Amino acid sequence: MAGMLFGNLYATQTSDWYGRKYSTFSTILVCALGSAVAAVAPNPYIYAVARFFCGAGFSGYLSISAIYTIEFMPTKWRMLCGAVGPFGEATMSLALIAYYIPTWRYLTWATMTPLLLTPLIFPFVPESPRWLLQKGKTDDLVKVLTYIAKINKCPPIELETIEKIVAKANPTRKPTDVKEPRLNFFDFAKSKNKEIRMKAICLMAIFFAFSIIYFGLSFNIKNMNGNLYWNLVFLGFVDSVGFKMAIFVMGRLSRRLAVFLSMTIGVFFLVVLAIFQLTLDVSEFSTLFLVAALLGKFSSAITRSAARALAGESFPTSVRAMGSGLCGASTAFGGVVGAQLAYFGTSMILVCSESI
């Protein structure tokens, strides 16, 4: 989780400086290298450092990929960016792979294999046109828009039209031979725009809150009765369905209302789970406990998807990545708290067992 905190900040910062495309693939490279080192780590210390870089690359990729796709989409379809993707399906696949490859070193090599294939698609992925527009890179913007038009079998946009769009988006842009100052998180914090700062604070609170539920339930899988592999499949399944359900919910409700309702429902099932924990015997009602936990995870998956869409649409292009990075950092903090709560639950179970 410390790696995820670092990854959210460094990846989103570099994506604002150097572009979404190169930053996205750099996070994949960091994650792959971290996985490779972890697979051959001779001691726990090297393994911990390697996992730090895995977390940094993974979280950085999640943050950038959300805003990267949003900047290609019209407003109507932006809700797809936080919901479409085989995240839950990958979790279910992990359970199957782990079942047949129980040795953790071999499992690490197996799960990093797809990362090695990403350089093959690098030449075919265009840079974000909105980032190019914001930076005033007219020549690169023409190439990207021409490429997109070709893929969609549409006539290319005329150069004169693109130049007018660039001039309108950057009315005070300095000459190309003068380097524009690079904004960083300190500039973001000192911004005179109080509205952006308030949005960032509110969104960080939302991300922190739902990540405690999301990661807490994920880490708590070891405390649930039943087969570990099947429980992991169930977690992946509710993630998959929850992300797709978020599309339906956001299509009918506002982003904020979708976040509010899904978080409220998730907390409700957590309260139900807590009541079960205090009043029922876990061994006799293990299925009931599992269902309540999965419903809470399902609701938090909807919240996660809706919150990512809300964050991506709440900041202008110039600071969109940094705003999303701060939200991702809050997610990492929430994940740390969730992991400790899961560990605390294990300790309580052991203490209660010993006292009995």
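Residues numbered from 1 in each chain as written. Predicted model: local features only at pLDDT ≥ 70, side-chain atom pairs only at ≥ 80, totals over all residues. Heavy atoms only, no water.

## Some details on the overall build of the chain
- Looking only at helices and strands, one finds 14 helices and zero strands in the chain.
- When the elements of the chain are put in sequence order from the N terminus, they spell out α-α-α-α-α-α-α-α-α-α-α-α-α-α.
- Within the chain, the proportion of its 356 residues that are buried is 42%.
- Long-range pairs, those at least 24 residues apart, make up 79% of the contacts in the chain between residues at least 6 apart in sequence.
- A total accessible area of about 19,600 Å² is found for the chain, and carbon and sulfur atoms account for 70% of it. (Helix = DSSP H or I, 4+ residues; strand = E, 2+ residues; numbered from the N terminus. Buried < 20%, exposed > 50% of the residue type's maximum accessible area, 1.4 Å probe, protein only. Contact = heavy atoms within 4.5 Å. Areas by Shrake-Rupley, 256 points an atom, 1.4 Å probe, with all protein chains shown as cover.)

## Some remarks on the packing of helix α4 (residues 87-100) against helix α11 (residues 228-252)
- The interhelical angle for the contact between α4 and α11, taken along N-to-C directions, is 165°, at an axis separation of 6 Å. With respect to α11, the element α4 is oriented roughly antiparallel. For the pair α4 and α11, the sense of crossing is left-handed. Seen from α4, the contacting residues are Phe87, Gly88, Glu89, Thr91, Met92, Leu94, Ala95, Ala98 and Tyr99; seen from α11, they are Tyr229, Leu232, Val233, Gly236, Phe237, Asp239, Ser240, Phe243 and Lys244.
- Looking at the contact of α4 with α11 residue by residue, the class counts come to 11 nonpolar, four polar and three charged. (Axes fitted to C-alpha atoms, helices over the stretch in contact; angles between N-to-C directions. Parallel < 35°, antiparallel > 145°, perpendicular 65-115°, else oblique. Left-handed = near helix turned anticlockwise from the far one by under 90°. Nonpolar A, V, L, I, M, F, W, Y, C, P; charged D, E, K, R; others polar.)

## Details of the pattern of salt bridges
- Overall, the coordinates contain three salt bridges when judged by the stated rule.
- As a salt-bridge pair, Asp16 and Arg20 come within 2.8 Å of each other at their nearest N and O atoms. Neither Asp16 nor Arg20 differs from the other in exposure class; each is buried. (Salt bridge = Lys/Arg side-chain N within 4 Å of Asp/Glu carboxyl O.)

## Re helix α3 (residues 44-70)
- Look at α3: 39 Å from first C-alpha to last across 27 residues, which is about the 39 Å you get at 1.5 Å a residue.
- The backbone nitrogen of Tyr45 has a side-chain oxygen 3.0 Å away, supplied by the residue at the start of α3, namely Asn43. (Expected span 1.5 Å × (residues − 1). Polar contact = N/O pair within 3.5 Å; in protein donor to acceptor, adjacent residues only side chain to side chain.)

## Re helix α7 (residues 138-151)
- Here α7 is 14 residues long and its end C-alpha atoms lie 20 Å apart, about the 20 Å a rise of 1.5 Å per residue gives.
- Those residues of α7 not exposed but buried are Thr138, Leu141, Val142, Val144, Leu145 and Ala149.
- Two residues or fewer after α7 comes Lys153, characterised by a positive phi angle close to 55°.

## Remarks on a nonpolar patch on the surface
- A cluster of nonpolar side chains, namely Leu117, Leu120, Ile121, Phe124, Tyr147 and Ile151, defines an oily patch on the protein surface of about 640 Å² accessible area.
- Mapped onto the fold, Phe124 is located in the loop between α5 (104-112) and α6 (129-135).
- Overall, Phe124 belongs to the exposed group, its relative accessible area being 56%. (Patch = residues over 30% accessible without salt bridge, like charges linked within 9 Å, V, L, I, M, F, W, Y side chains within 5 Å.)

## Overview of the nonpolar core
- Counting residues in each nonpolar core, the largest one holds 29 residues, and the members touching the most others are Leu203, Phe207, Phe210, Tyr214, Met250, Val259 and Phe315.
- Those elements that place two or more of their residues in this core are α10 (194-219), α11, α12 (255-279), α13 (286-314) and α14 (317-355).
- Among the nonpolar cores identified, the runner-up in size contains 14 residues, and Leu217, Leu235, Val238 and Leu273 belong to it. (Core = buried A, V, L, I, M, F, W, Y, C linked by side-chain atoms within 4.5 Å.)

## Structural notes on the packing of aromatic side chains
- Applying the stated criterion across every chain yields a total of 13 aromatic pairs.
- A centroid spacing of 5.3 Å and a plane angle of 80° characterise the contact between Tyr47 and Trp104, whose relative ring orientation is edge-to-face. Here the residue Tyr47 occupies a position in helix α3, and Trp104 occupies one in helix α5, the gap between them amounting to 57 residues.
- Judged by its relative accessible area of 39%, Trp104 falls in the partly exposed class.
- Measuring from ring centre to ring centre gives 5.4 Å for Tyr214 and Phe215, while their planes differ by 80°; the resulting arrangement is edge-to-face.
- Owing to a relative accessible area of 3%, Tyr214 belongs among the buried residues under this scheme.
- One aromatic cluster in this structure is built from Tyr22, Phe25 and Phe122. (Phe/Tyr/Trp six-rings, centres within 6.5 Å; stacked < 30°, edge-to-face > 60°.)

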